[in-house]
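Structural features, examined
Single-letter residue listing:
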Amino acid sequence: MKTPVLLFDVEGTTTDIAFVHRVLFPYARERIADFVRAHPAQPAVARVLEELPPGSGTEDVIRELLRWIDEDRKHGALKELQVLIWDEGYATAAFKGHVYEDVRPAWERWRAEGKRLAIYSSGSVRAQKAIYRHSTAGDLTPLLEAHFDTAVGAKREPESYHRIAQALGVPPSHVTFFSDIREELDAARTAGMATVQVFRDGPTQDQGHPSVESF
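1. Details of the overall build of the protein chain
Secondary structure summary: the protein chain contains eight helices and six strands in total. Reading the protein chain from its N end, one meets helices and strands in the order β-α-α-α-α-α-β-α-β-α-β-α-β-β. Rg of the C-alpha trace for the protein chain: 18 Å, near the compact-globule value of 17 Å for 215 residues, within the 12% margin. Dimensions along the principal axes, computed over C-alpha positions, put the protein chain at roughly 60 × 35 × 35 Å. Per-residue burial over the protein chain gives 48% buried out of 215 residues. Sequence separation of 24 or more characterises 65% of the internal contacts of the protein chain that already satisfy a separation of 6 or more. Here the protein chain displays about 10,500 Å² of accessible surface, and carbon together with sulfur accounts for 50% of that area.

Laid out in structure tokens, this is it:
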């Protein structure tokens, strides 16, 4: 029999959304201009330049990046630069990755029961690993077997969950996906996974999935 896999979303499921939006994003926005000026040869900077008119320079890149941030655009180059800036923040202990208090004991319990644990988030794999490596509960990465981001597909598309199950070497029916977003859970269920909706701020109306308020 295949070992069961528990697949977790990040924001709103294991990590407070406020940490990402009130700590990580503002930290990167405040520092991105100085970072780009100090590292103009970063491949991500060159990728932004490719989208700007000929003759554009570093300051044009900075303006474009700030516009993307304000528009909440999920551009690969922006994500890459944000992660590099966050890495500096983690390294200097400017902040730690928030995880809910029940995450570590639950993950340790499930691992002891023989379950496999994995992450699927719209944030990059590198950003996921940084949150869990430098978390408020210590280094959680040894508990996690695999990380997936939108390189496998959008989180509201059933095919993404088929790809994840295939990468893990199990049928979708052996995977349980935890998320706070109904549309993501709908997609996972359509793909054949079990689902659990996580309501971290207390109970809310039934959205068609088994639900929990904590692990």
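2. Points about the pairing of strand 5 (residues 194-198)
For strand 5, the buried fraction is high: four of the five residues fall into the buried class. Sheet topology note: the strand 5/strand 6 (residues 211-212) ladder contains two bridges and is parallel. Directly across from V198, in strand 6, lies its bridge partner V212.

3. A word on the nonpolar core
Counting 50 residues, the largest nonpolar core has W86 and W107 as the members making the most contacts within it. For W86, the contacting residues outside a window of four places in its chain are L24, F25, Y27, A28, F95 and A127.

4. Let's talk about the sheet that holds strand 6
Strand order in the open sheet formed by six strands is 3-2-1-4-5-6, and the pairing between neighbours is parallel. With one partner strand each, in any of the chains shown, strand 3 (146-148) and strand 6 form the two edges of the open sheet. As paired elements, strand 4 (residues 175-179) and strand 5 share four bridges and run parallel to each other. Bridge pairing in strand 5 links F177 to T195. With respect to the sheet, helix 5 (residues 103-112) is in contact with strand 1 (5-8), strand 2 (116-120) and strand 4, its orientation differing from that of strand 2 by roughly 135°.

5. Brief notes about the pattern of salt bridges
Any two side chains of opposite charge can pair, on the condition that their charged atoms come close. Using the criterion set out here, one finds 20 salt bridges in the structure. The shortest N-O distance in the salt bridge between E59 and R37 comes to 2.9 Å. In this pair, E59 is assigned in helix 3 (residues 58-71) and R37 in helix 1 (residues 17-38), connecting sequence segments 22 residues apart. Judged by relative accessible area, E59 falls into the partly exposed class, the value being 36%. The salt bridge involving R182 is made with D186; its shortest N-O contact spans 3.5 Å. Within this pair, R182 and its partner D186 are both found in helix 8 (residues 182-190), separated by four residues, close to a single helical turn. R182 gets classed as partly exposed once you look at its relative accessible area, which sits at 35%. On the basis of relative accessible area, D186 is assigned to the partly exposed category, the value being 25%.

So, how was this worked out
Residues numbered from 1 in each chain as written. Predicted model: local features only at pLDDT ≥ 70, side-chain atom pairs only at ≥ 80, totals over all residues. Heavy atoms only, no water. Helix = DSSP H or I, 4+ residues; strand = E, 2+ residues; numbered from the N terminus. Rg over C-alpha atoms; globule rule 2.2 N^0.38 Å. Buried < 20%, exposed > 50% of the residue type's maximum accessible area, 1.4 Å probe, protein only. Contact = heavy atoms within 4.5 Å. Areas by Shrake-Rupley, 256 points an atom, 1.4 Å probe, with all protein chains shown as cover. Pairing = 2+ DSSP bridges. Core = buried A, V, L, I, M, F, W, Y, C linked by side-chain atoms within 4.5 Å. Axes fitted to C-alpha atoms, helices over the stretch in contact; angles between N-to-C directions. Salt bridge = Lys/Arg side-chain N within 4 Å of Asp/Glu carboxyl O.

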